Structures are given as structure tokens and as C-alpha cells.
Amino acid sequence: MNMKKFALLLALPLFAVACGGGETTETATLDPAAVKAGKALFASNNCVTCHGETGEGDGLAAAGLNPKPRKYSDGAWQDSVTDDEIKKVILLGGAANGLSALMPANKQLEGKDADLDNIVTYIRSLK
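This one's a predicted model, so the numbers in the text were calculated from it and none came from an experiment.

**Some words on unusual backbone geometry**
- Note that the residue after Asn66, namely Pro67, is joined by a cis bond; omega there is 10°.
- Within the secondary structure layout, Pro67 lies in the loop between helix 4 (48-51) and helix 5 (75-80).
- One non-glycine residue, Asn46, lies in the positive phi region at around 65°.
- With respect to the helices and strands, Asn46 occurs in the loop between helix 3 (32-44) and helix 4.

**Notes on the nonpolar core**
- Counting 17 residues, the largest nonpolar core has Phe42, Ile86, Ile90, Ile119 and Ile123 as the members making the most contacts within it.
- Mapped by element, the contributors of at least two residues to this core are helix 3, helix 6 (83-92) and helix 7 (113-125).
- A per-element tally of this core places helix 7 first, with five residues.
- When residues no more than four places from it in sequence are discounted, the contact partners of Ile90 are Met103, Pro104, Ala105, Asn106, Leu109, Leu116, Ile119, Val120 and Ile123.

**Remarks on the packing of helix 3 against helix 7**
- Two elements in contact, helix 3 and helix 7, have axes separated by 7 Å at closest approach and are oriented at 100°. Between helix 3 and helix 7, the angle is such that the two are roughly perpendicular. Contacts between helix 3 and helix 7 involve Ala34, Val35, Ala37, Gly38, Lys39, Leu41 and Phe42 from the former and Asp115, Asn118, Ile119, Thr121, Tyr122, Ile123 and Ser125 from the latter.

**Observations regarding the packing of aromatic side chains**
- This structure, assessed with the given rule, holds three aromatic pairs.
- Pairing Tyr72 with Trp77 gives two aromatic rings, centres 5.4 Å apart and planes at 45°, and the pair type is tilted. Here Tyr72 and Trp77 have matching classes, each one buried.
- Each member of the aromatic cluster is reached from another via a ring pair, and the members are Phe42, Tyr72, Trp77 and Tyr122.

**Description of helix 3**
- Compared with an ideal rise of 1.5 Å per residue, which puts 13 residues at 18 Å, helix 3 spans 18 Å between its outermost C-alpha atoms and is within 8% of the ideal.
- Residues of helix 3 that are buried sit in contact with helix 4 and helix 7.
- Directly beyond the C-terminal end of helix 3, a positive phi value near 65° is found at Asn46.

**With respect to the side chain of Asn106**
- With respect to the secondary-structure elements, Asn106 resides in the loop between helix 6 and helix 7.
- Since its relative accessible area comes to 8%, Asn106 is described here as buried.
- Within the local environment of Asn106, its side chain forms a polar contact with the backbone oxygen of Ile90, the two atoms lying 3.0 Å apart.
- Within the structure, Asn106 has its side chain in polar contact with the backbone oxygen of Pro104 (distance 3.5 Å).
- In this structure, Asn106 is in contact with Asn45, Ile90 and Leu91, ignoring residues within four places of it in sequence.

Definitions and limits used
Residues numbered from 1 in each chain as written. Predicted model: local features only at pLDDT ≥ 70, side-chain atom pairs only at ≥ 80, totals over all residues. Heavy atoms only, no water. Helix = DSSP H or I, 4+ residues; strand = E, 2+ residues; numbered from the N terminus. Core = buried A, V, L, I, M, F, W, Y, C linked by side-chain atoms within 4.5 Å. Buried < 20%, exposed > 50% of the residue type's maximum accessible area, 1.4 Å probe, protein only. Contact = heavy atoms within 4.5 Å. Axes fitted to C-alpha atoms, helices over the stretch in contact; angles between N-to-C directions. Parallel < 35°, antiparallel > 145°, perpendicular 65-115°, else oblique. Phe/Tyr/Trp six-rings, centres within 6.5 Å; stacked < 30°, edge-to-face > 60°. Expected span 1.5 Å × (residues − 1). Polar contact = N/O pair within 3.5 Å; in protein donor to acceptor, adjacent residues only side chain to side chain.

Distances and angles like these do not, on their own, reveal function.
Shown next, in the form of C-alpha cells:
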């Protein structure tokens, strides 16, 4: 292989990332209707009490909590968890997942896969 072809092959992945090719499908294709439905469920299931209306961990109860609620805009955290892991925490609560025992379980969402998907979509939209 000649050096020009080799250099081009090395440069293509960098060019793709620089031009937005590195964007994940997950964040690029969030359904606006699912985000809206998830935001409403986030509020109606009292997630806002601790996590805040915009998921910044600044809800009314957050000031008195230790550890502080998760800040959903944290890209490193977003990249470190799967949708299924988020759903498990929502359903079973913090203690069942090695997190804060102050995070309650949301058993009322059990079997409501579409609702859980929408909440996760909303959380993903906050990245």
C-alpha cells in the first residue's frame, strides 16, 4: 500500500468525527414525542422532587440529600450507563442497585414498558 492511501485511511475516521460522524444514533434520533411524554412522566412520578424539572439534581428536596441526586446532563455518566440500567434504577430504586437508599422504587411503572422507554428517552435528551 502506498503512503498516500495509508494516510487517507488513517485520516478518514478523524474526518468523520470532526464532521459529526461520531454522533451516536441514540442521541441523534430521539423522538420528540417520546421526549415530551417522558418529561410529563418524569414530573408525574415525582422524579422532579429530587432531580429537578430539568434533571440537574436540583429539585426542592435535593438540598437536604446526601448523596445529591444524579445530574442527568453529565455526559460521562450518560455514556457509562445503558437504557436497561436506568430502567432498573427507576423500577427498583437506588438501594436495589447499589445506589442511594433515598431513591425510591417506582413499582407503579412495572409492566409499563412504553412509559419507561419514554422516561429514559427524556433522561437521554438532557445530555
